[in-house]
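Examining the three-dimensional arrangement
So the chains spell out like this:
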Amino acid sequence: MATLSDARRVVVKIGSALLVDRTSGDLRRDWLHGLARDVALLKARGTDVVLVSSGSIALGRGVLKLKARDLPLEQSQAAAAVGQIRLARAYEDVLAPHGITTAQVLVTLEDSANRRRYLNSRATMAQLLGLGVVPIVNENDTVATDEIRYGDNDRLAAQVALTTGADLLVLLSDVDGFYSDNPMTNPDARRYEVIDEITPEIEAMAGEGTSGLSKGGMITKLLAAKTATMGGCAMVITEGSTQRPLQALEQGANATWFTAKGTPQQARKRWIGSMKPQGEITVDAGAVSALKGGNSLLGAGVTRVAGDFSRGDPVAILGPDGHKLGQGLVAYAAPEADRIKGCHSSQIESLLGYPGRTALIHRDDMAL
């Protein structure tokens, strides 16, 4: 079973009810300082951390003195605009004393549904994590309308976990796990320690949240678990209101763990391999050896480009004899790929007019 101590990359989802006092509308700074200490400990032992944080609307509505529980879209977006800057500043204030740099990343559903935006998001997150930064991710509520919204940060967190290749997703909740019934109304409800498979019976047990600030109930958490575990990422639901929630989890606090289906890398390879290729790239014998050795595909090893594909599309990779070696997500559109085939990486800028990516298909975006 996955554990927090074994995780290489962790995404932590934080709900509004944990961050913002329901009565006053103020930030719970003592709690946030405790979370910062937990994050610092994870970072100190080499674990990458991404925080998916609600709270911008809840903070903004307090500043703007908006009393209604369900705000109209325009007021929600205005509250998000006011609250987002305060939320980002709060995370910076509590993490900076630990020597941790933060970055604000605002996304919408379109950023994962559109392959080009997805690749851009993935590349940016990879760079941030490679530089030791802790990204603070939230839905871009100032511009998102219903058709481009995730609608809850549980599912957003699951998508972020897949985008970043995380091996553990932690949902800090107002309950300490998944129960057979609502534990607030049924004292006989049983908490599950581990769920290996989300069956229809498990789904039927899911109830709705009771918080006045958060929108996600247990149903959305199960949807997040499906997304995460199919992508090779384990997930855990645990109670988050304690001062050191991640430390408590590591020390055996009540929780429900959802088992991953393989690893993030295996899941990504399966996803890439299952796509319908939009074109073909033929490589020489040297490139075949390099690919089998685990290297990326460079333009120098390409002899032929066929098809009408765009950046991010899946393309088949063929050997000199025309035999399919595998496929991958290409970093260039077909005309650009054709222009740099057979050329050294140092020539890309002069051929294309801009400093492009070194790899035509990165090894992480390839299934052989």
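Worth saying up front: this structure is predicted, and the values here are computed from it rather than measured. (Residues numbered from 1 in each chain as written. Predicted model: local features only at pLDDT ≥ 70, side-chain atom pairs only at ≥ 80, totals over all residues. Heavy atoms only, no water.)

Now for the sheet that holds strand 9 (residues 279–283). One open sheet holds the five strands; their spatial order is 11-9-12-13-15, and the pairing between them is mixed. Whereas interior strands pair on both sides, the edge strands pair on one side only; in this sheet they are strand 11 (302–307) and strand 15 (366–367). Here strand 12 (residues 314–318) runs beside strand 13 (residues 324–329); their pairing, made up of five bridges, is antiparallel. In the strand pairing of strand 13, Val315 is matched with Gly328. Against the sheet, helix 11 (residues 264–274) touches strand 13 and strand 15, its axis set at about 105 degrees to strand 13. (Pairing = 2+ DSSP bridges. Helix = DSSP H or I, 4+ residues; strand = E, 2+ residues; numbered from the N terminus. Contact = heavy atoms within 4.5 Å. Axes fitted to C-alpha atoms, helices over the stretch in contact; angles between N-to-C directions.)

A few words on the pairing of strand 7 (residues 234–239). Within strand 7, five of the six residues are buried, which leaves it mostly tucked inside the rest of the structure. Pairing of strand 5 (residues 168–173) with strand 7 involves six bridges; the strand directions are parallel. When the sheet's bridge partners are listed, Leu171 is paired in strand 7 with Ile237. With four bridges connecting them, strand 7 and strand 8 (residues 255–258) associate as antiparallel partners. Each bridged residue has a counterpart across the sheet, and for Val236 the counterpart in strand 8 is Trp257. (Buried < 20%, exposed > 50% of the residue type's maximum accessible area, 1.4 Å probe, protein only.)

As a further point, take the sheet that holds strand 7. Note on sheets: strands pair through backbone hydrogen bonds, and any given pair is parallel or antiparallel. Spatially, eight strands are ordered 3-4-2-1-5-7-8-6 in an open sheet, and the strand pairing comes out mixed. Each edge of the open sheet is held by one strand with a lone partner, namely strand 3 (102–107) and strand 6 (194–195). Against the sheet, helix 7 (residues 153–164) engages strand 1 (9–14), strand 2 (48–53), strand 3, strand 4 (134–139) and strand 5, with an angle of about 165 degrees to strand 1. Running over the sheet, helix 9 (residues 218–230) touches strand 5, strand 7 and strand 8 and is turned about 150 degrees from strand 7.

Read these as geometric descriptors, not functional statements.
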